[in-house]
Amino acid sequence: MTPRSPIAPATRVAALVLMGGGAIVLIGAVFADPLGISGGGEGFGWKQLIAAIVGLVILLVGLAWLLRPPAGGGYEDDGR
């Protein structure tokens, strides 16, 4: 069994940036009313819900990109 090849540094940085951006959007959407960035109204509105979902999706895409197996890393045939 060969060791798993490391993720390229640029890919790791891009994935972490995606995760950070998604987290910022998610937190901003959830706490929009206390932060004063909501469009008015009371409670959790539909725009906040959409922004929270988009932020969560971006965060999860970044996490999946960070944890994905390396490209071209097929299985080796050990000859048994």
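It should be emphasised that the depicted structure is a prediction, and the values quoted were computed from it without experimental measurement.

Procedures and definitions
Residues numbered from 1 in each chain as written. Predicted model: local features only at pLDDT ≥ 70, side-chain atom pairs only at ≥ 80, totals over all residues. Heavy atoms only, no water. Helix = DSSP H or I, 4+ residues; strand = E, 2+ residues; numbered from the N terminus. Buried < 20%, exposed > 50% of the residue type's maximum accessible area, 1.4 Å probe, protein only. Contact = heavy atoms within 4.5 Å. pLDDT = per-residue confidence, 0-100. 1 Å grid on protein atoms, 1.4 Å probe; cavity = no way out; pocket = protein on both sides within 12 Å on 5 of 7 lines; lining within 4 Å. Points joined across faces, edges and corners; volume = space filled by probe spheres on them. Nonpolar A, V, L, I, M, F, W, Y, C, P; charged D, E, K, R; others polar.

### Remarks on the overall build of the chain
Helices and strands together make up the secondary structure of the chain, namely three helices and zero strands. Tracing the chain from N to C terminus, the helices and strands come up as α-α-α. When burial is assessed residue by residue, the chain has 14% of its 80 residues classed as buried. Of the contacts formed within the chain by residues at least 6 apart in sequence, a portion of 72% connects residues at least 24 apart.

### A few points about the side chain of T11
Position of T11 among the secondary structure elements: in helix α1 (residues 9–30). A relative accessible area of 18% means that T11 is categorised as buried. Not counting residues within four places of it along the chain, the set of residues in contact with T11 comprises W65 and R68.

### Topic: the side chain of Q48
Along the polypeptide, Q48 turns up in helix α3 (residues 46–67). On the accessibility criterion, Q48 (10% relative accessible area) is buried.

### So, the confidence of the model for the chain
On average, residues of the chain score 83 in pLDDT, and 79% of them reach the 70 mark or higher. Across the chain, the secondary-structure element scoring lowest on mean pLDDT is helix α2 (residues 32–35), at 85, and the one scoring highest is α3, at 94.

### Comments concerning the layout of surface pockets
Counted as a void, the second largest pocket has a volume near 220 Å³. As for the second largest pocket, its lining consists of 16 residues, and the residues nearest its centre are S38, G39, G45, K47 and Q48. Those elements that provide at least two residues to the lining of the second largest pocket are α1, α2 and α3. For the lining of the second largest pocket, the residue count by class is five nonpolar, eight polar and three charged.

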